[in-house]
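For reference, the chains in residue letters:
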Amino acid sequence: MSTPDTPPSPDDAPAALPDGPRAPAARPRLLRPVALVGLMGAGKTTVGRRLAAMLDAPFVDSDEEIEAAARMSVAEIFASMGEDAFRQGERRVIARLVRQSRPAVIATGGGAFMNDDTRALLLSRAATVWIRAELDTLVERVGRKNTRPLLAGGDPRRVLAELMARRHPVYAEAAVVVDSRRGEKHEAVAARILDGLRALGDVIEEGPDAPQSQETPA
Ligand SMILES: Nc1ncnc2c1ncn2[C@@H]1O[C@H](COP(=O)(O)OP(=O)(O)OP(=O)(O)O)[C@@H](O)[C@H]1O
Ligand SMILES: O=C(O)C1=C[C@@H](O)[C@@H](O)[C@H](O)C1
Ligand SMILES: [Mg+2]
């Protein structure tokens, strides 16, 4: 115990209470929107939701936003108004989403990045991430749901292979490329995207207690 004429010793400091209340660990914070691009089945929607939760950021999906605005499913929009009308709606929706005041994780529709205007906008205002997956993986994943108009009535493997040949060189313009491998959990893909975003340097602000990269040095 220290007295008024003895300086306090470090031992006088209150003992750390291991089980006492602590400030909650601050999460990394998003400074710019993140736009996920890639083919149908890559995981833009399902991985994107996990990534947004890790960043405590809003999650938005351009397909879901278009559906809400049109009060129709993507398949119904394609059937009743055609693909061109869908693409115009997609361009407008994405332009709105990247300008939201609070940066969000945006899952874009698989074809959105192929539009020159949308791609230019995303490359200038968002951190773009291509979630890349092999053909076999995509074919297996899209087989779980039959709501994708571009795959309706055709052979999904053939259609996806054609889209892959056309789109991969364009998706490759994204700032970050992350492979989504078969058997790897959504969370693992989201964590690697977070590492990629950190490496860009101007997308994530670290909280004081934010967990550091999961990557182990080679
Ligand atoms: N890493 C993963 N591990 C296991 N399943 C996955 C993974 N990523 C995606 N999936 C599954 O693949 C399917 C398609 O994923 P998702 O809907 O997220 O793709 P998408 O890129 O949003 O496709 P679309 O462009 O058609 O909207 C879902 O059933 C999802 O759970
Ligand atoms: O790859 C595409 O062109 C598409 C992907 C989906 O996200 C939807 O936007 C729609 O089914 C078209
Ligand atoms: Mg999706």
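As the structure is a computational prediction, the values presented were derived from the model and not from experiment.

### Considering the side chain of Thr118
- With respect to the secondary-structure elements, Thr118 resides in helix H5 (residues 116-125).
- The contacts of Thr118, once residues within four sequence positions are left out, are Arg91, Ile94 and Ala112.

### Notes on the sheet that holds strand S5 (residues 127-132)
- Pairing is parallel across the open sheet formed by 5 strands, whose spatial order is S3-S4-S2-S5-S6. Of all strands in the sheet, those with a lone pairing partner are strand S3 (59-61) and strand S6 (176-179), marking the two edges. The sheet shows a mean angle of 25° between the axes of neighbouring strands, direction not considered.
- Here 4 bridges tie strand S2 (residues 34-37) to S5, and the two strands are oriented parallel to one another. Residue pairing in the sheet places Val34 in a bridge with Ala127 of S5.

### Considerations on the site of ligand 2
- Taken together, Met40, Asp63, Val74, Phe86, Arg87, Glu90, Gly109, Gly110, Gly111, Pro149, Leu150 and Arg167 make up the full set of residues adjacent to ligand 2.
- Separating an oxygen atom of ligand 2 from a backbone N or O atom of Gly110 is a distance of 3.1 Å.
- One of the backbone nitrogen or oxygen atoms of Gly111 is found 3.4 Å away from an oxygen atom of ligand 2.
- When isolated, ligand 2 has an accessible area of 310 Å², and the protein chains bury 94% of it.
- The cavity that encloses ligand 2 is the largest pocket.
- Residue contributions to the shell around ligand 2 peak at 3 residues, all from helix H4 (residues 83-98).
- Tallied by class, residues from the shell around ligand 2 come to 5 nonpolar, 3 polar and 4 charged.

### Quick look at the site of ligand 1
- In the neighbourhood of ligand 1, 18 residues make up the surrounding shell, with Gly43, Lys44, Thr45, Thr46 and Arg148 lying closest.
- One of the backbone nitrogen or oxygen atoms of Ala42 is found 3.3 Å away from an oxygen atom of ligand 1.
- At a separation of 2.7 Å, an oxygen atom of ligand 1 approaches a polar side-chain atom of Lys44.
- Computed on the free molecule, ligand 1 has an accessible area of 630 Å², of which 84% lies beneath the protein chains in the complex.
- According to the grid-proximity analysis, the pocket containing ligand 1 is the largest pocket.
- Elements with a minimum of two residues in the shell around ligand 1: helix H1 (44-55) and helix H8 (186-200).
- Sort the elements by how many residues they give to the shell around ligand 1 and H1 lands first, with 3 residues.
- Taken together, the residues of the shell around ligand 1 sort by class into 4 nonpolar, 7 polar and 7 charged.

### Focus: the packing of helix H6 (residues 135-142) against helix H7 (residues 156-171)
- Between H6 and H7, the shortest axis-to-axis distance is 10 Å and the interhelical angle comes to 130°. The angle between H6 and H7 places the two elements in the oblique class. Handedness of the H6/H7 crossing: right-handed. Two secondary-structure elements touch here, H6 through Leu135, Asp136, Leu138, Val139 and Val142 and H7 through Pro156, Arg157, Leu160, Ala161 and Met164.
- Of the residues belonging to the contact of H6 with H7, the class tally is 8 nonpolar, no polar and 2 charged.

### A few points about the packing of helix H2 (residues 62-70) against H4
- Between H2 and H4, whose axes approach to 9 Å, the crossing angle comes to 110°. In terms of axis orientation, H2 runs roughly perpendicular to H4. For the pair H2 and H4, contact is made by Ser62, Asp63, Glu65 and Ile66 and by Phe86, Gly89, Glu90, Val93, Ile94, Arg96 and Leu97, respectively.
- For the contact of H2 with H4, the residue count by class is 5 nonpolar, 2 polar and 4 charged.

### Here we look at the UniProt feature "binding site: Mg(2+)" (unreviewed entry) in the protein
- As recorded in UniProt, the feature "binding site: Mg(2+)" (unreviewed entry) lies at Thr45.
- Along the chain, Thr45 turns up in helix H1.
- The residues touching Thr45, leaving out its near neighbours within four places in the chain, are Phe59, Asp61, Glu64 and Ala107.

The rules behind each value
Residues numbered from 1 in each chain as written. Chains lettered and ligands numbered in written order. Predicted model: local features only at pLDDT ≥ 70, side-chain atom pairs only at ≥ 80, totals over all residues. Heavy atoms only, no water. Helix = DSSP H or I, 4+ residues; strand = E, 2+ residues; numbered from the N terminus. Contact = heavy atoms within 4.5 Å. Pairing = 2+ DSSP bridges. Axes fitted to C-alpha atoms, helices over the stretch in contact; angles between N-to-C directions. Near = heavy atom within 4 Å. Polar contact = N/O pair within 3.5 Å; in protein donor to acceptor, adjacent residues only side chain to side chain. Areas by Shrake-Rupley, 256 points an atom, 1.4 Å probe, with all protein chains shown as cover. 1 Å grid on protein atoms, 1.4 Å probe; cavity = no way out; pocket = protein on both sides within 12 Å on 5 of 7 lines; lining within 4 Å. Sits in = over half its atoms within 2 Å of the grid points. Nonpolar A, V, L, I, M, F, W, Y, C, P; charged D, E, K, R; others polar. Parallel < 35°, antiparallel > 145°, perpendicular 65-115°, else oblique. Left-handed = near helix turned anticlockwise from the far one by under 90°. UniProt positions renumbered as here; feature names shortened; annotations may be inferred.

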